[in-house]
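# Structural characterization, general
This is what each chain is made of:
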Amino acid sequence: MFSKKKNIVILAAGKSTRMCSKIPKIFHNIGGKLILQHVVDTVLSLKRISSIYLVCNDQKEVLKKISFQNKIKIVLQKHQLGTGYALRKVINRFNDKSDVIVLYGDVPLISRETIEKLILSRSDNAISLLTANLKDPIGYGRIIRKNKEVIKIVEESEILFDEKDIKEVYSGMFVSNAYCLKKWLHAIHNQNSKKEYYLTDIVSLARKEGYKINTIHPKNSFEIQGINDPFQLMKVERFYQKYQAKKLLLSGLMISNISRFDLRGKIEYGKDVYIDNDVSIIGKVILGNDVRVGIGCILKNCKILDNSSVLPYSIIESSVISKNCVIGPFAHLRDGVILKERSKIGNFVEIKNTVFGSNSKARHLSYLGDSEIGSQVNIGAGVITCNYDGKKKFQTRIEDNVFVGSDCQLIAPITIQKNSTIGAGTTLTDDVKENELVTSRIQQKHIKNWRKNLDKQ
Ligand code: UD1
Ligand code: CA
């Protein structure tokens with residue numbers, strides 16, 4: 001009887017040639033999270049695992065980009081001579097009696113449940129493979145059976161004409177005893193079209209020694225989709241997005257079209273939240289009850305409380321929106337905005353690092369940066385806080401009940417005290433006291449009977 005110690009190996013040292021990118025495939029994103037991070041997170045969620053190893057070709061990059069709370073040991077594979085060679089780099093670290101579960105770093109959507117099922121499926125004198133029947137098996141190793149028994153795996157590059165139609169593919173994931181693996185890995189060679197040591201060759205060796213090859217399938221076939229090229233990256237992203245959107249829809253988030261919704265992070269939501277087409281959720285987003293998000297909006301790391309609406313094509317980043325606010329269309333809330341209750345931010349208004357008071361409005365064409373704006377304030381069309389002198393940023397303070405007319409420039413640092421009025425077209429350089437009216441434009445002149453000198457033209 002073999003003991004049940006479990007070791008996991010994630011192979012992630014491949015060349016990524018087919019990705020046609022400077023960035024290795026494991027560092028591309030699915031749902032806003034690195035491909036390898038998906039696998040690592042799933043592995044870290046497993047219970048009763050003795051050790052986890054990651055085989056990679058750039059330790060520094062992995063440490064910089066992937067978080068794994070020191071629970072994973074990294075092993076370097078400098079020469080990319082194939083998956084069999086990669087596993088050789090780590091296999092001698094395992095006790096002969098223990099089990100080794102191999103996962104591939106470029107298969108991100110594998111679920112915890114499927115890995116657990118794979119682990120449980122191993123029996124003595126047998127190895128278990130995770131396989132699936134795919135409509136389009138191209139690119140995968142094919143499972144070759146004789147009298148229903150698995151006898152070997154044939155790689156796509158080595159496949160014979162009559163094997164091309166086989167739909168059962170190998171996921172790259174399997175579980176086997178460590179002692180046997182050491183033996184089989186020693187025996188595999190690289191006499192094939194790619195001159196690589198194929199890990200899949202252990203299957204025919206095991207079979208020849210009388211081992212039984214068990215197969216199990218994942219719940220969803222997209223769990224085994226590998227990412228080798230940009231098309232597969234796009235395909236897995238679409239699978240993932242649609243799957244997530246459907247789950248959200250079924251648990252009460254009203255998404256108008258699950259094929260036109262992107263979640264690149266996490267969303268929390270109340271009741272009767274409605275999300276229109278082409279909305280992207282990035283980072284952590286919290287939406288209260290009855291929030292409505294219009295077509296084409298991007299919400300990133302923000303909180304929007306009950307009954308507020310974001311009208312089409314607005315962008316909200318790192319901001320908090322209180323109850324009953326209206327934002328957009330075409331508004332841009334950059335970092336650090338707090339909108340108080342019932343406030344309104346409209347068309348082509350950019351607002352950054354600003355507290356915007358309750359019942360206040362900035363409905364058209366403004367830039368409000370580094371400011372503190374009280375309640376019941378009206379910001380007219382075209383008002384700009386001039387908060388930057390080329391070197392430093394300065395604050396603008398506008399107290400309650402102030403009316404700022406259209407096309408004003410507020411040159412910070414500046415304070416406008418409560419109940420005051422700034423006439424349209426004013427360039428404000430000095431503070432304004434309570435109840436004052438300030439204008440700075442030149443008086444309008446009317447010159448009678450003025451004619452243009454047409455002869456000069
Ligand atoms: C591999 C399988 C194929 C299977 C498919 C599933 C082999 C020989 N083939 O093919 O049967 O259907 O996965 O997705 O295993 N890697 C290393 N070191 C290397 C080479 C690869 O660590 O020298 C890693 C890669 O980073 C990747 C994984 O191993 O995470 C698989 O390698 P890849 O080259 O993508 O193999 P496939 O052609 O996809
Ligand atoms: Ca692959």
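Residues numbered from 1 in each chain as written. Chains lettered and ligands numbered in written order. Predicted model: local features only at pLDDT ≥ 70, side-chain atom pairs only at ≥ 80, totals over all residues. Heavy atoms only, no water.

### A word on the site of ligand 1
Near ligand 1 you find 24 residues, and of these Ala13, Gly14, Gln77, Glu155 and Tyr170 are the closest. In the model, an oxygen atom of ligand 1 is placed 2.9 Å from a nitrogen or oxygen of the Leu11 main chain. Gly105 is positioned such that a nitrogen or oxygen atom in its backbone is 3.4 Å from an oxygen atom of ligand 1. Protein contacts shield 94% of the accessible area of ligand 1, which totals 740 Å² for the unbound molecule. Where the shell around ligand 1 is concerned, the elements lending two or more residues are strand 1 (6-12), helix 3 (83-91) and strand 10 (168-177). (Near = heavy atom within 4 Å. Polar contact = N/O pair within 3.5 Å; in protein donor to acceptor, adjacent residues only side chain to side chain. Areas by Shrake-Rupley, 256 points an atom, 1.4 Å probe, with all protein chains shown as cover. Helix = DSSP H or I, 4+ residues; strand = E, 2+ residues; numbered from the N terminus.)

### Side note on helix 3
Of the positions making up helix 3, those classed as buried are Gly84, Tyr85, Ala86, Leu87, Val90 and Ile91. Where helix 3 is buried, its residues touch strand 1, strand 4 (51-56), strand 5 (73-76), strand 6 (99-104), strand 10 and helix 5 (178-187). (Buried < 20%, exposed > 50% of the residue type's maximum accessible area, 1.4 Å probe, protein only. Contact = heavy atoms within 4.5 Å.)

### Some thoughts on the nonpolar core
One finds Ile10, Leu87, Leu129, Phe174, Leu199 and Ile202 to be the most contacted residues of the largest nonpolar core, which totals 70 residues. Once residues within four sequence positions are removed from consideration, Phe174 is found in contact with Leu87, Val100, Ile101, Val102, Leu118, Ser128, Leu129, Leu181, Leu199 and Ile202. Ile321, Val337, Ile373 and Ile414 belong to the second-largest nonpolar core, a separate cluster that totals 50 residues. (Core = buried A, V, L, I, M, F, W, Y, C linked by side-chain atoms within 4.5 Å.)

### Concerning the packing of aromatic side chains
This structure, assessed with the given rule, holds seven aromatic pairs. Between the aromatic rings of Tyr313 and Phe330, the centroid separation amounts to 5.5 Å while the plane-to-plane angle is 20°, which identifies the pairing as stacked. Pair noted here: Tyr313 is in the loop between strand 19 (309-310) and strand 20 (315-317) and Phe330 is in the loop between strand 22 (326-327) and strand 23 (332-333), with a separation of 17 residues, a long-range link. On the basis of relative accessible area, Tyr313 is assigned to the partly exposed category, the value being 42%. Judged by relative accessible area, Phe330 falls into the partly exposed class, the value being 40%. Taken together, Phe222, Phe239 and Tyr243 form an aromatic cluster joined through their ring pairs. Lys65 extends its terminal NZ or CZ atom over the ring of Phe27, reaching a point 4.8 Å from the ring centre. Here Lys393 stacks its cationic end above the ring of Tyr388, 5.3 Å away from the centre of that ring. (Phe/Tyr/Trp six-rings, centres within 6.5 Å; stacked < 30°, edge-to-face > 60°. Lys NZ or Arg CZ within 6 Å of the ring centre and 35° of its normal.)

### A few points about the coordination of the calcium ion (ligand 2)
The calcium ion (ligand 2) binds to the protein through Asp106 (OD) and Asn228 (OD1), with metal-donor distances spanning 2.2 to 2.3 Å. Taken together, the positions of Asp106 in the loop between strand 6 and helix 4 (112-120) and Asn228 in the loop between strand 11 (212-216) and helix 7 (230-250) put the pair 122 residues apart, joining distant regions of the chain. (Donors = N, O, S within 2.8 Å, 3.2 Å for Na, K, Ca; no water.)

### Here we look at the domain arrangement of the protein
What the domain assignment lists for the protein is domain 1 (6-224) and domain 2 (241-438). Averaged C-alpha coordinates put domain 1 and domain 2 at centres separated by 48 Å. Listed as interface residues are four residues of domain 1 and, on the opposing side, five residues of domain 2. Taking both sides of the interface into account, the surface hidden between domain 1 and domain 2 amounts to around 260 Å²; carbon and sulfur atoms contribute 65%. (Domains from an automatic or database assignment. Buried area = accessible area lost by both parts, 1.4 Å probe.)

### Quick look at unusual backbone geometry
Cis geometry marks the peptide bond from Gly328 to Pro329, where omega comes out at 0°. Looking at the secondary structure, you find Pro329 in the loop between strand 22 and strand 23. A cis amide bond links Ala412 with the next residue in sequence, Pro413, at an omega value of 5°. Note on placement: Pro413 falls in the loop between strand 31 (409-411) and strand 32 (414-416). For Asp370, which is not glycine, the phi dihedral falls at a positive 50°. Summarising the element assignment, Asp370 is placed in strand 26 (residues 361-373). Residue Asp407 is not a glycine yet carries a positive backbone phi of 55°. A relative accessible area of 45% means that Asp407 is categorised as partly exposed.

### Quick notes on the UniProt feature "binding site: acetyl-CoA" (unreviewed entry) in the protein
The feature "binding site: acetyl-CoA" (unreviewed entry), as given by UniProt, occupies Ala381, Asn387, Tyr388, Ser406, Ala424 and Arg441 in the numbering adopted here. A stretch of 61 residues holds the annotated residues, and the largest C-alpha distance among them is 22.7 Å, long enough that they do not meet in one place. Note that Ser406 resides in the loop between strand 30 (403-404) and strand 31. Residue contacts for Ser406: discarding those within four places in its chain leaves Gly380, Ala381, Ala424 and Gly425. On the secondary structure map, Arg441 appears in the segment after strand 35 (437-438). When sequence neighbours within four positions are dropped, the list of residues in contact with Arg441 reads Gly423, Ala424 and Gly425. A polar contact of 2.3 Å, which involves the side chain of Arg441, links it to the backbone oxygen of Ala424. (UniProt positions renumbered as here; feature names shortened; annotations may be inferred.)

### Description of the pattern of salt bridges
Per the stated rule, a full pass over the model turns up 22 salt bridges. Between Arg397 and Glu372 there is a salt bridge; the shortest N-O distance is 3.0 Å. With Arg397 in strand 29 (residues 396-398) and Glu372 in strand 26, the pair connects residues that are 25 residues apart, well separated along the chain. One salt-bridge network, in which partners are shared between bridges, spans Glu61, Lys64 and Lys65. (Salt bridge = Lys/Arg side-chain N within 4 Å of Asp/Glu carboxyl O.)

### Re the UniProt feature "binding site: Mg(2+)" (unreviewed entry) in the protein
UniProt records the feature "binding site: Mg(2+)" (unreviewed entry) at Asp106 and Asn228, using the numbering of this structure. These annotated residues cover 123 residues of sequence, and their C-alpha atoms lie no more than 7.3 Å from one another, placing them together at a single site. A residue is classified by how much of its surface remains accessible, and Asp106, at 12% relative accessible area, is buried. Filtering out sequence-adjacent residues up to four positions away, Asp106 remains in contact with Lys25, Ile35, Gln225, Gly226, Ile227 and Asn228.

### Overview of the environment of Val75
Here Val75 lies in strand 5. Spatially, the C-alpha atom of Val75 lies 9.9 Å from that of Val9, the residues being 66 residues apart in sequence. Those residues in contact with Val75, other than ones at most four positions away along the chain, are Tyr53, Leu54, Val55, Cys56, Lys89, Val90 and Arg93.

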